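# Report on the structure
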Amino acid sequence: MSQIEVLGMEKRAYRRYPASRKAYLVVGGEPLRCRLIDIAKGGARIAAPEFATPPDVLHLVDPARRMIHLTRMVWQGDGQMGLQFIESRAFTEPLGGAEGAGRVVEMVGPWPKQTQGN
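Residues numbered from 1 in each chain as written. Predicted model: local features only at pLDDT ≥ 70, side-chain atom pairs only at ≥ 80, totals over all residues. Heavy atoms only, no water.

### A look at the confidence of the model for the protein
Confidence in the prediction of the protein, expressed as mean pLDDT, is 86, and 85% of residues score 70 or more. Per-element mean pLDDT across the protein ranges from 44 in strand β1 (residues 3-6) up to 97 in strand β5 (residues 43-47). In the predicted structure, residues 1-8 sits below a pLDDT of 50 and forms 12 contacts with residues beyond four places in sequence or in another chain. (pLDDT = per-residue confidence, 0-100. Helix = DSSP H or I, 4+ residues; strand = E, 2+ residues; numbered from the N terminus. Contact = heavy atoms within 4.5 Å.)

Below is the structure:
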């Protein structure tokens, strides 16, 4: 996601929309509950635990929109992180909470093994 700062105003590739809803971050098959702060066509900002080493592949499961996003982390700090969407897919299967988020990511796959520089 490109952004340019002009006269104190932030310009982004896509408009961000406030979300403030629960979501799940699935890392290596392990689901973590997080909070979606805002979302855009190209990415999202979430409240989530920070990683000492950023994972190569993260999946953001948005139960309210019934979407799974293959993402990469572009920044993290102060209990938040910015995610760039690489690929997004809809799902219809029942989620069933955090445990179901990992299962749904596997069911909707296969996903690329690497983001290949994205």
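That shown, we press on.
### Some points on the nonpolar core
One finds Leu 25, Cys 34, Leu 36, Ile 46, Leu 60, Met 81 and Leu 83 to be the most contacted residues of the largest nonpolar core, which totals 16 residues. Broken down by element, the residue count for this core peaks at 4 residues, all from strand β3 (residues 17-27). Excluding residues that lie within four positions of it along the chain, Leu 25 makes contacts with Glu 30, Pro 31, Leu 32, Cys 34, Ile 46, Phe 51, Leu 58, His 59, Met 81 and Leu 83. Formed by 13 residues, the second largest nonpolar core is a distinct cluster that contains Val 57, Ile 68, Phe 91 and Val 108. (Core = buried A, V, L, I, M, F, W, Y, C linked by side-chain atoms within 4.5 Å. Buried < 20%, exposed > 50% of the residue type's maximum accessible area, 1.4 Å probe, protein only.)

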